[in-house]
Amino acid sequence: MSKGTPSKGKHNKRSHVLCRRCGKRAFHIRKRECSACGYGSSSKLQTYAWQRRTLNGVRTK
Ligand SMILES: [Zn+2]
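Residues numbered from 1 in each chain as written. Predicted model: local features only at pLDDT ≥ 70, side-chain atom pairs only at ≥ 80, totals over all residues. Heavy atoms only, no water.

(A) Highlighting the coordination of the zinc ion. Within the protein, the zinc ion binds to Cys19 (SG), Cys22 (SG), Cys34 (SG) and Cys37 (SG); these donor distances fall in the range 2.2 to 2.3 Å. Taken together, the four donor atoms coordinating the zinc ion span angles of 104 to 115° at the metal, a pattern that classifies the geometry as tetrahedral. Read in sequence order, the donor residues for the zinc ion give the motif C-x2-C-x11-C-x2-C. Taken together, the residues span a long stretch of sequence, with Cys19 in the loop between β1 (16–17) and β2 (27–28) and Cys34 in strand β3 (residues 33–34) at a distance of 15 residues. (Donors = N, O, S within 2.8 Å, 3.2 Å for Na, K, Ca; no water. Tetrahedral: all angles 85-135°; square planar, octahedral: opposite > 155°, others 65-115°. Helix = DSSP H or I, 4+ residues; strand = E, 2+ residues; numbered from the N terminus.)

So this is what it looks like as structure tokens:
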């Protein structure tokens, strides 16, 4: 099996569906958790420190 265009036809199983909380297509069906907001695994919205804007290149807390 090759990795090029012919193999793309096999990509017909969807691992992510629309998330009920954030509305993105990031809810993983088998894991039952959203990769964008963390719905399913956590009651709080998933956030990372690197998502915050840095001010003048200084990482603020
Ligand atoms: Zn979500």
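The structure having been displayed, the exposition proceeds.
(B) Focus on the packing of aromatic side chains. Within this structure, the stated rule accounts for two aromatic pairs. An angle of 50° between the planes, with centres 5.8 Å apart, marks the rings of Phe27 and Tyr39 as tilted. Of this pair, Phe27 sits in strand β2 while Tyr39 sits in the segment after β3, and the two are twelve residues apart along the sequence. Note on Tyr39: relative accessible area 25%, which makes it partly exposed. On the basis of an interplanar angle of 5° and a centroid distance of 5.3 Å, the ring pair of Tyr48 and Trp50 is categorised as stacked. On the basis of relative accessibility, which here comes to 40%, the residue Tyr48 falls in the partly exposed class. (Phe/Tyr/Trp six-rings, centres within 6.5 Å; stacked < 30°, edge-to-face > 60°. Buried < 20%, exposed > 50% of the residue type's maximum accessible area, 1.4 Å probe, protein only.)

(C) Unusual backbone geometry, seen in detail. Positive phi outside glycine occurs at Arg32, with the angle close to 55°. Looking at where Arg32 falls in the secondary structure, it is placed in the loop between β2 and β3. Taking relative accessible area as the criterion, Arg32 reaches 49% and is therefore assigned partly exposed.

(D) Structural detail: the side chain of Ser7. Tracing the chain through its elements places Ser7 in the segment before β1. Among the residues examined, Ser7 registers a relative accessible area of 7% and is labelled buried. From its side chain, Ser7 meets the backbone oxygen of Gly4 in a polar contact 2.7 Å long. (Polar contact = N/O pair within 3.5 Å; in protein donor to acceptor, adjacent residues only side chain to side chain.)

(E) Fine view of the sheet that holds β3. An order of β1-β2-β3 is seen for the three strands of this open sheet, with the pairing classed as antiparallel. Each of the sheet's edge strands pairs with one partner strand only, and the pair in question is β1 and β3. Relative to β2, β1 runs antiparallel, the two sharing two bridges. Bridge pairing links Val17 to Phe27 in β2. (Pairing = 2+ DSSP bridges.)

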